[in-house]
Amino acid sequence: MKLPKPKMSLNTRLLLSHLAVMMVGLGTFVFIAKVSSPQFFILRLEQLERRGFITFRSARTYLIDGFHTAWNRSTFWSFIVGGSSAGFLSYCLSRRIMKPLQQMKEITQQFAAGNLKERMPESDILELNQLSISFNRMASCLEDVESRRRDLVSDLTHELRTPLTVVRGYLEELAGGEIEPSLQLYANLVKETKRLERLTHDLQELSKAEAGYLSIDLKFVNLLPLLKNLISRFSDQLLEDGPTLSLDSPESLPLVIADLDRTEQILVNLIGNAIRYTETGEIKIKIVEKGSYLWLEVIDTGIGIPQEDLPHVFERFWRGDRSRSSYSGGSGIGLAISKKLVELQGGKIEVESQLNEGTVFRFSLPLSK
């Protein structure tokens with residue numbers, strides 16, 4: 001079996017590359033100087049002889065031998081001093097270059113251990129500083145993903161616990177003979193089972209939307225028939241003493257680029273929320289054309305949302321139970337799914353609300369023109 005060839009570290013490679021450059025430079029200098037310097041020295045001596053400064057050939061030989069001796073000694077010490085200085089400087093520079101990479105290695109090891117708080121410091125080297133910025137951005141994204149994962153597990157556990165506890169309680173009482181089977185009991189079990197089914201479906205939809213796998217079939221569509229159908233459908237569900245539902249729209253609407261089924265899903269969720277939180281008053285669907293977008297507004301006169309809660313309304317599992325009525329219900333995922341569906345169709349969604357005055361949810365769809 002052939003053993004793998006040992007690999008050198010980047011620090012060693014940098015040090016050896018600096019030493020190699022130094023050796024080539026010194027070697028070239030010594031070779032050229034060794035060949036040319038004696039010739040120039042002899043030529044200079046001949047010039048001095050012609051001028052009468054040197055008259056004895058023995059003196060000339062002595063001077064040449066002395067030059068060679070001095071040159072050899074200076075070359076030796078140049079190699080020793082120059083090589084040591086260059087080697088030390090190369091080592092220091094290599095350590096300086098390698099320091100951010102070593103820090104990055106240590107931080108990634110902490111990431112693997114679950115500590116996502118560490119970040120890379122700034123570097124004086126431009127390329128390494130850019131690498132540090134990208135690394136820190138990646139670390140922040142990983143920390144955000146991990147935080148969202150933990151929140152999702154916690155929220156999902158909380159959402160599943162209630163219906164499961166109810167179903168288990170009924171079944172245990174039935175098994176123990178503490179209660180008699182009845183239509184109402186079976187209806188309650190079906191209700192909790194449907195709640196679990198709805199939560200599972202919503203989670204699947206949200207997962208697909210966040211991963212970008214949710215199918216969107218964009219076409220040129222006229223939303224007016226859909227809006228009229230929704231008004232008729234939801235009006236039948238409203239009680240006589242409940243809110244009124246109306247449509248504020250021009251007689252004809254321009255075509256928009258949208259997925260009709262997904263747009264209906266968004267509107268059903270927004271209208272359903274408005275009905276849930278508006279005991280009396282009015283719920284109105286208003287259509288406004290602004291620029292290259294068609295805006296659809298769902299306006300209610302319900303209990304509203306506190307200002308401090310507005311930034312969280314599109315977060316999954318968020319429900320303003322503390323400020324809303326106790327029958328809020330729902331999975332807390334509908335608005336998060338609606339936001340993703342609007343964005344996948346090239347629009348955006350907004351919310352405005354005043355506590356005890358009402359709420360306005362609006363979203364836009366691009367016009368076909």
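Criteria and cut-off values
Residues numbered from 1 in each chain as written. Predicted model: local features only at pLDDT ≥ 70, side-chain atom pairs only at ≥ 80, totals over all residues. Heavy atoms only, no water. UniProt positions renumbered as here; feature names shortened; annotations may be inferred. Helix = DSSP H or I, 4+ residues; strand = E, 2+ residues; numbered from the N terminus. Contact = heavy atoms within 4.5 Å. Phe/Tyr/Trp six-rings, centres within 6.5 Å; stacked < 30°, edge-to-face > 60°. Buried < 20%, exposed > 50% of the residue type's maximum accessible area, 1.4 Å probe, protein only. pLDDT = per-residue confidence, 0-100. Pairing = 2+ DSSP bridges. Salt bridge = Lys/Arg side-chain N within 4 Å of Asp/Glu carboxyl O.

In the annotation of an unreviewed UniProt entry, the entry for the protein reads histidine kinase, and the organism field reads Cyanobacterium aponinum AL20115. Of the protein, the UniProt comment under Subcellular location (unreviewed entry) reads exactly: "Membrane". Of the comments in the UniProt record for the protein, the one headed Catalytic activity (unreviewed entry) reads "ATP + protein L-histidine = ADP + protein N-phospho-L-histidine."

Draft legend 1. Structural view of the side chain of E192. Summarising the element assignment, E192 is placed in helix α4 (residues 183-211). In this structure, E192 is in contact with P163, V166 and V167, ignoring residues within four places of it in sequence.

Draft legend 2. Focus on the packing of aromatic side chains. Using the criterion set out here, one finds two aromatic pairs in the structure. Taken together, a centroid distance of 5.8 Å and an interplanar angle of 5 degrees make the contact between F111 and F135 stacked. Placement of the pair is F111 in helix α2 (residues 57-112) and F135 in helix α3 (residues 126-175), with a sequence separation of 24 residues. The pair formed by F111 and F135 is uniform in burial state, with each residue classed as buried. Measuring from ring centre to ring centre gives 6.1 Å for F314 and F361, while their planes differ by 80 degrees; the resulting arrangement is edge-to-face. Taken together, the positions of F314 in the loop between β5 (293-300) and α7 (334-344) and F361 in strand β7 (residues 358-366) put the pair 47 residues apart, joining distant regions of the chain.

Draft legend 3. Representation of the confidence of the model for the protein. Of all residues in the protein, 75% have pLDDT values of 70 or greater, and the mean over the chain is 79. Confidence, read as mean pLDDT per element, is least for helix α1 (residues 10-50) in the protein (66) and greatest for β5 (96). Contacts for the low-pLDDT stretch residues 322-328, under 50 throughout, to residues beyond four places or in other chains number 15 contacts.

Draft legend 4. View of α7. Turning to α7, its buried residues are G334, L335, A336, I337, S338, L341 and V342. Following α7 by one or two positions, G346 has its phi on the positive side, about 85 degrees.

Draft legend 5. Representation of the pairing of strand β4 (residues 282-290). In this structure, strand β2 (residues 244-248) lies alongside β4, joined through five bridges in parallel fashion. Residue S246 lies in a different strand from β4, and its bridge partner there is K284. With eight bridges joining them, β4 and β5 adopt antiparallel strand pairing. Looking across to β5, one finds that E289 is bridged to L294. Counted along the chain from β4 to the antiparallel partner β5, the turn is two residues long, and its residue G291 has a positive phi close to 60 degrees.

Draft legend 6. Structural context of the pattern of salt bridges. Taken as a whole, this structure holds nine salt bridges when the rule is applied. Notably, a salt bridge pairs E172 with R168, separated by 3.7 Å at the nearest N-O pair. In this pair, E172 and R168 are both assigned in helix α3, four residues apart and thus about one turn of the helix distant. Its relative accessible area of 52% is what places R168 among the exposed residues. Between E343 and K339 there is a salt bridge; the shortest N-O distance is 2.6 Å. Of this pair, E343 and K339 both sit in helix α7, four residues apart, roughly one helical turn. K339 sits in the partly exposed class, given a relative accessible area of 27%. Linked through salt bridges whose partners overlap, the residues forming this network are E297, E350, E352 and R362.

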